[in-house]
Amino acid sequence: MILAGVRYGAIAGVIALATTLAANLAILVFRPADLCRMGPLNLLLLHLGALLIFLVLASVAGFLAGRAGGTVPAAALAGVIVGAISGCALLVLIPFGPALMHRLTELSALCPGGAISFGPAATPPPGVTPPPGVTPPPAAFPPAGSFGTASGPAVSVLEVIGLVFGIAVGTGFATGAAALGGLVGVATRPRAAAG
């Protein structure tokens with residue numbers, strides 16, 4: 001009955017992969033003016049929504065696998081598969097990294113009042129003056145170009161370690177959610193009548 005865990009995990013994993021990609025690439029789909037109107041809180045809620053969908057999909061896959069297979073290990077396997085397939089979204093997002101960073105930099109310059117920024121104290125965009133008596137905050141980061149960009153094999157190794165760590169943590173969360181869902185699925189499974 002392990003096949004139930006594989007089947008439900010694969011289905012939920014593909015859906016979780018799609019929601020992860022949609023949440024991360026939404027910043028490239030919307031116009032910058034629309035993103036400024038949405039604000040950083042709505043972008044954060046978009047990502048938290050994708051995380052919630054990911055965990056719900058993992059727990060539902062675990063529930064269905066536990067109910068079909070009658071074992072919690074089948075449910076945990078479903079969670080591992082959901083996490084692994086959804087983690088592939090991080091690999092798919094690698095080519096979009098420069099475009100995402102360019103859009104975030106563009107937004108921190110375009111949004112009024114620095115509504116979307118990298119630093120704790122955003123400076124207003126050109127042409128926006130602060131109210132009288134308010135001094136603009138000091139720059140949170142050194143000016144662009146004052147430090148060289150990191151490159152070389154060490155950076156690539158650290159990026160790969162970060163990706164593997166992110167996939168492992170996501171798979172761990174998915175496995176835990178699926179195991180909990182599997183416990184409920186096994187507990188609610190109809191029992192055969194003793195004869």
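Further up the page is the structure itself.
Quantities reported herein were computed from a predicted structural model and do not represent experimental measurements.

This brings us to the overall build of the protein chain. On a plain count of helices and strands, the protein chain comes out with 5 helices and 0 strands. Of the regular secondary structure in the protein chain, the N- to C-terminal order runs α-α-α-α-α. Across the 195 residues in the protein chain, those meeting the buried criterion constitute 29%. Split by element, the accessible area of the protein chain, about 11500 Å² in all, is 76% carbon and sulfur.

Tallied over the entire structure, the rule returns 0 aromatic pairs. It is arginine 7 that lies over the ring of tyrosine 8; its NZ or CZ is 4.8 Å from the centre.

What follows concerns the side chain of serine 86. Inspection of the secondary structure puts serine 86 in helix α3 (residues 72-93). Judged by its relative accessible area of 7%, serine 86 falls in the buried class. Other than its neighbours up to four places away in sequence, serine 86 contacts Gly13, Ala16, Leu17, Thr20 and Phe54.

A few words now on the side chain of threonine 20. Of note, threonine 20 is situated in helix α1 (residues 2-29). Classification of threonine 20 by relative accessible area gives buried; the value is 15%. Once residues within four sequence positions are removed from consideration, threonine 20 is found in contact with Ser86 and Ala89.

Once that is clear, we can look at the packing of helix α2 (residues 32-69) against helix α4 (residues 97-110). Packing of α2 against α4 brings their axes to within 10 Å, and their N-to-C directions diverge by 65°. With respect to α4, the axis of α2 lies roughly perpendicular. Between α2 and α4 lies a crossing of right-handed hand. Along its contact with α2, which presents Pro32, Leu35 and Cys36, the element α4 presents Arg103, Glu106, Leu107 and Leu110. Looking at the contact of α2 with α4 residue by residue, the class counts come to 5 nonpolar, no polar and 2 charged.

Here the focus is α1. The first and last C-alpha atoms of α1 sit 39 Å apart over 28 residues, in line with the 40 Å expected at 1.5 Å per residue. Remark: the principal bend of α1, roughly 35°, maps to alanine 23.

Here we come to the packing of α2 against helix α5 (residues 153-187). Their axes nearest at 6 Å, the elements α2 and α5 cross at an angle of 40°. Viewed along their axes, α2 and α5 adopt a mutual orientation that is oblique. Here α2 runs over α5; the crossing is right-handed. Judged by residue contacts, Phe54, Leu55, Ala58, Ser59, Gly62, Phe63, Gly66 and Arg67 of α2 engage Gly170, Phe173, Ala174, Ala177, Ala178, Gly181, Gly182, Val184, Gly185 and Val186 from α5. Of the residues that constitute the contact of α2 with α5, the class distribution is 10 nonpolar, 7 polar and 1 charged.

Cut-offs and rules
- Residues numbered from 1 in each chain as written.
- Predicted model: local features only at pLDDT ≥ 70, side-chain atom pairs only at ≥ 80, totals over all residues.
- Heavy atoms only, no water.
- Helix = DSSP H or I, 4+ residues; strand = E, 2+ residues; numbered from the N terminus.
- Buried < 20%, exposed > 50% of the residue type's maximum accessible area, 1.4 Å probe, protein only.
- Areas by Shrake-Rupley, 256 points an atom, 1.4 Å probe, with all protein chains shown as cover.
- Phe/Tyr/Trp six-rings, centres within 6.5 Å; stacked < 30°, edge-to-face > 60°.
- Lys NZ or Arg CZ within 6 Å of the ring centre and 35° of its normal.
- Contact = heavy atoms within 4.5 Å.
- Axes fitted to C-alpha atoms, helices over the stretch in contact; angles between N-to-C directions.
- Parallel < 35°, antiparallel > 145°, perpendicular 65-115°, else oblique.
- Left-handed = near helix turned anticlockwise from the far one by under 90°.
- Nonpolar A, V, L, I, M, F, W, Y, C, P; charged D, E, K, R; others polar.
- Expected span 1.5 Å × (residues − 1).
- Bend = angle between axes of the 7 residues up to and from the residue.

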